[in-house]
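A look at the structure
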Amino acid sequence: QNFPNPFNPTTSIRFDLKDAGSVDIVVYNLLGQKVKTLVNSELTTGYHEVVWDGTDDLGNKVVSGIYFYRIEARQQNGGKVGGFAKTRKMILLK
């Protein structure tokens, strides 16, 4: 889960990867529209943290409200493909 939640002006999303792999973290609004891509890259094994500053992909500040982030990790370990996906709610208060 992100911390703090509710947040203003920033929130941190922390996660741990058992194996290196491709990770996507995307923020969506209540209508399911993409607001911002926070991560879209290959990451190494271990602990990671990403910060969302309440802006969209164009750098515009978003309005107060409920947002969701989805984290998807695709990992390949010794020929086995694995990973996980989770969606969590976060609240931006101004």
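Residues numbered from 1 in each chain as written. Predicted model: local features only at pLDDT ≥ 70, side-chain atom pairs only at ≥ 80, totals over all residues. Heavy atoms only, no water.

For the rest of this paragraph, the subject is the overall build of the protein. On a plain count of helices and strands, the protein comes out with 0 helices and 6 strands. The linear arrangement of helices and strands in the protein, starting from the amino end, is β-β-β-β-β-β. What you see for the protein is a C-alpha radius of gyration of 14 Å, in line with the 12 Å of a compact globule of 94 residues. Dimensions of the protein, computed from the C-alpha atoms along their principal axes, are close to 45 × 25 × 20 Å. In the protein, the share of contacts with a sequence separation of at least 24, taken over all contacts with a separation of at least 6, comes to 55%. Carbon and sulfur atoms form 53% of the exposed surface of the protein, whose accessible area is close to 5,700 Å². Put simply, the protein has 12 plus and 9 minus side-chain charges, and the middle of one group is 7 Å from the middle of the other. (Helix = DSSP H or I, 4+ residues; strand = E, 2+ residues; numbered from the N terminus. Rg over C-alpha atoms; globule rule 2.2 N^0.38 Å. Contact = heavy atoms within 4.5 Å. Areas by Shrake-Rupley, 256 points an atom, 1.4 Å probe, with all protein chains shown as cover. Lys, Arg positive; Asp, Glu negative; His and termini not counted. Charge placed at Lys NZ, Arg CZ, Asp CG, Glu CD.)

Moving on, we come to the environment of Gly54. With respect to the secondary-structure elements, Gly54 resides in the loop between β4 (46–52) and β5 (65–77). A relative accessible area of 4% places Gly54 in the buried class. In sequence terms Gly54 and Ser64 are 10 residues apart; their C-alpha atoms lie 8.9 Å from each other. (Buried < 20%, exposed > 50% of the residue type's maximum accessible area, 1.4 Å probe, protein only.)

Our focus in this paragraph is unusual backbone geometry. The residue after Phe3, namely Pro4, is reached through a cis peptide bond having omega -10°. Checked against the element boundaries, Pro4 lands in the segment before β1 (11–17). For the peptide bond that leads from Asn8 to Pro9, omega is 5°, which places it in the cis range. With respect to the helices and strands, Pro9 occurs in the segment before β1.

With that settled, consider the environment of His48. Here His48 lies in strand β4. The exposure class of His48 is buried, given its relative accessible area of 15%. Between the alpha carbons of His48 and Asp16 there is a distance of 6.0 Å; along the sequence they are 32 residues apart. A polar contact is formed between the side chain of His48 and the backbone oxygen of Thr44, at a distance of 2.7 Å. (Polar contact = N/O pair within 3.5 Å; in protein donor to acceptor, adjacent residues only side chain to side chain.)

As a general feature of sheets, a regular strand has side chains that alternate between the two faces. One ladder, built from 8 bridges, connects strand β2 (residues 21–28) with strand β3 (residues 34–43); its direction is antiparallel. Pairing of Val27 across the sheet is with Lys36, part of β3. (Pairing = 2+ DSSP bridges.)

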